[in-house]
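Remarks on the overall topology
Here is how the chains run, residue by residue.
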Amino acid sequence: MKDKVFLDTKVVVDLLGEREPYYDAAAKIATLADKGKIEIFVSASTYSTVYHLLSRFENKTQVKEKIRKFKLIAQTCDLTDNIIDKGLSSNFNDFEDALQYYCALKMDCKIMITRNGKDFKESEIPVLSPDEYLKIL
């Protein structure tokens, strides 16, 4: 059975923005998904955030193409009223992190991958950095 992993938006920004020193680990995780060894999931809001951040520094058309390619290996969790309500009533300090977390639960992900593990203290599923995840494989 393949791992179902949820990528926090920052990890996707690291990947598509090729941000060092985080890019290599994010790229290895994307390659695992591309080869069908794992399933990766992201929140629908990830795409708008990634576009907003990367298009400030890169050509907008190129950013859209990067997102199109990423969508081929990632599954998207829609932001529903239920997820938003859970996020609003959660104990998370950051609303966006709460939305990411509840999306991960909705998609039945077994692992949350983020560079900000401390932001997910409330998590009922393991929270790992990209490097930590690659070490346990």
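So, here is what we can say about the structure in this document. Computed from a predicted model, the values in this text were never measured in an experiment.

What follows covers the overall build of the chain. Scanning the chain for helices and strands turns up 7 helices and 5 strands. Ordered by position in the sequence, the α and β elements of the chain form the string β-α-α-β-α-α-β-α-α-β-β-α. Relative to a compact globule of 137 residues, whose C-alpha radius of gyration would be 14 Å, the chain shows 14 Å and is just as compact. Considering only C-alpha atoms, the chain reaches an extent of 40 × 35 × 25 Å along its principal axes. Taken over 137 residues, the chain has a buried fraction of 46%. When contacts within the chain are restricted to residue pairs at least 6 apart in sequence, those whose partners lie at least 24 apart make up 63%. In the form shown here, the chain has an accessible surface area of approximately 7700 Å², with 49% of it arising from carbon and sulfur atoms.

We now examine unusual backbone geometry. Following glutamate 20, the chain continues to proline 21 via a peptide bond in cis, the omega torsion being 5 degrees. For proline 21, the position within the fold is in the loop between α1 (9–16) and α2 (23–34). Of note in this structure, glutamate 18 is not a glycine but carries a positive phi near 50 degrees. Residue placement: glutamate 18 occurs in the loop between α1 and α2. Using a relative accessible area of 48% as the deciding quantity, one classes glutamate 18 as partly exposed.

This next bit is on the environment of alanine 33. Take alanine 33: it is sitting in helix α2. Overall, alanine 33 belongs to the buried group, its relative accessible area being 11%. Residues contacting alanine 33, with those up to four places away along its chain left out, are Ile38, Ile40 and Ile73.

The subject of this paragraph is the packing of α1 against helix α4 (residues 60–71). The geometry of α1 relative to α4 is characterised by a closest axis approach of 11 Å and an angle of 115 degrees between their N-to-C directions. α1 and α4 meet at a crossing whose hand is right-handed. Together, Val12, Leu15 and Leu16 of α1 and Lys66, Ile67 and Phe70 of α4 make up the contact between the two elements. Its residues assigned to classes, the contact of α1 with α4 shows 5 nonpolar, no polar and 1 charged.

So, how was this worked out
Numbering of residues begins from 1 in every chain and follows the order in which that chain's sequence is written. Under the rules for a predicted model, residues below a pLDDT of 70 receive no local features and side-chain atom pairs below 80 are neither given nor counted, while totals for whole chains, interfaces and linings still include all residues. To get the side-chain values, all heavy atoms of the structure are used, and hydrogens and water are removed first. By the criteria applied, helices consist of DSSP H or I runs no shorter than four residues and strands consist of E runs no shorter than two, each listed in order from the N terminus. Radius of gyration: over C-alpha atoms. The globule rule applied is 2.2 Å multiplied by the number of residues raised to the 0.38 power. To sort residues, take the accessible area from a 1.4 Å probe on protein chains only and compare it with the maximum for the residue type: under 20% means buried, over 50% means exposed, and anything in between is partly exposed. In what follows, a contact means two residues having at least one pair of non-hydrogen atoms within 4.5 Å. To be clear on the numbers: accessible area is Shrake-Rupley with a 1.4 Å probe, and residue cover counts the displayed protein chains and nothing else. The convention used is that axes are lines fitted to C-alpha atoms, helices contributing only their stretch in contact, and that angles between N-to-C directions extend from 0 to 180 degrees. When the near helix sits turned anticlockwise from the far one by under a right angle, the crossing is termed left-handed; a clockwise turn instead gives a right-handed crossing. Each residue is assigned to one class: nonpolar for Ala, Val, Leu, Ile, Met, Phe, Trp, Tyr, Cys and Pro, charged for Asp, Glu, Lys and Arg, and polar for all the others, Gly among them.

Any link to function would need more than the numbers given here.
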